[in-house]
Amino acid sequence: QKEVEQNSGPLSVPEGAIASLNCTYSDRVSQSFFWYRQYSGKSPELIMSIYSNGDKEDGRFTAQLNKASQYVSLLIRDSQPSDSATYLCAVNAKVTFGTGTKLQVIP
Amino acid sequence: DTGVSQDPRHKITKRGQNVTFRCDPISEHNRLYWYRQTLGQGPEFLTYFQNEAQLEKSRLLSDRFSAERPKGSFSTLEIQRTEQGDSAMYLCASSTTEGDEQFFGPGTRLTVL
């Protein structure tokens, strides 16, 4: 079992819709969780961090954490074509990354 | 610009040559991380420093790889006797403390011919 698992996609959503990205992790004692956005050929850009169970909202982005079920998700509301990128889920201090979910927002 | 910087941005080398990359972290960040990323994969942890101390090195990291952070500021990553399998994007990130958010530099893309 991989330490951090994501569906590689692509996940296609129409412009204006909600994109839902999911991630599961194996280390039950994980404490910190991050979502990064990565455009093709560029480095990862931090968009959200979450440390406690529940929801955390920042603009159009909402991160959700459920430690009991060992999953973390990212919701993107009012998706825009500029949101089209690969979204990486990362866990813990040394930041173990998933392989990323490619999101395509269709105008 | 006070973000993480890396140099060079691109490096093409022949198999068997040595290469060295530099990373300058955000100035107040005491932790510095190196990652490697290949196409279609997430970044893979290589090693990290707290100040000048190298605290962990990935078990997957060959002895051909070495990293330093001599004064607790910038860091270098050297790859000796490069192989074609070393072709990848090498990413540097920095943070303030363990578990805190990491900020990435633009990366160094290595191509080994």
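Residues numbered from 1 in each chain as written. Chains lettered and ligands numbered in written order. Predicted model: local features only at pLDDT ≥ 70, side-chain atom pairs only at ≥ 80, totals over all residues. Heavy atoms only, no water.

Visitor: How would you explain the environment of Pro8(B) if you had to name every residue and give the values?
Guide: All names here are of chain B. Relative to the helices and strands, Pro8 resides in the loop between strand 1 (5-7) and strand 2 (10-13). In this structure the C-alpha to C-alpha distance between Pro8 and Phe45, which are 37 residues apart in sequence, comes to 20 Å. Sequence-distant contacts of Pro8, that is, excluding residues within four places in its chain, are made with Thr20, Phe21, Gly107 and Thr108. (Helix = DSSP H or I, 4+ residues; strand = E, 2+ residues; numbered from the N terminus. Contact = heavy atoms within 4.5 Å.)

Visitor: Would you mind going over the packing of aromatic side chains in detail, with residue names and values included?
Guide: Considering all chains together, one arrives at 14 aromatic pairs over all chains under this definition. Centre to centre, the rings of Phe65(B) and Tyr90(B) are 6.4 Å apart; their planes meet at 35 degrees, and the pair counts as tilted. Of this pair, Phe65(B) sits in strand 7 (residues 65-68) while Tyr90(B) sits in strand 9 (residues 88-95), and the two are 25 residues apart along the sequence. Since its relative accessible area comes to 0%, Tyr90(B) is described here as buried. Taken together through their ring pairs, the aromatic side chains of Phe34(A), Tyr36(A), Tyr51(A), Phe97(A), Tyr33(B), Tyr35(B), Phe45(B), Tyr48(B) and Phe104(B) make up a single cluster. Geometry around Phe61(A) places Arg60(A) over its ring, the cationic atom sitting 5.6 Å from the centre. Directly above the aromatic system of Phe74(B) lies the positively charged group of Arg22(B), at a separation of 3.8 Å from the ring centroid. (Phe/Tyr/Trp six-rings, centres within 6.5 Å; stacked < 30°, edge-to-face > 60°. Buried < 20%, exposed > 50% of the residue type's maximum accessible area, 1.4 Å probe, protein only. Lys NZ or Arg CZ within 6 Å of the ring centre and 35° of its normal.)

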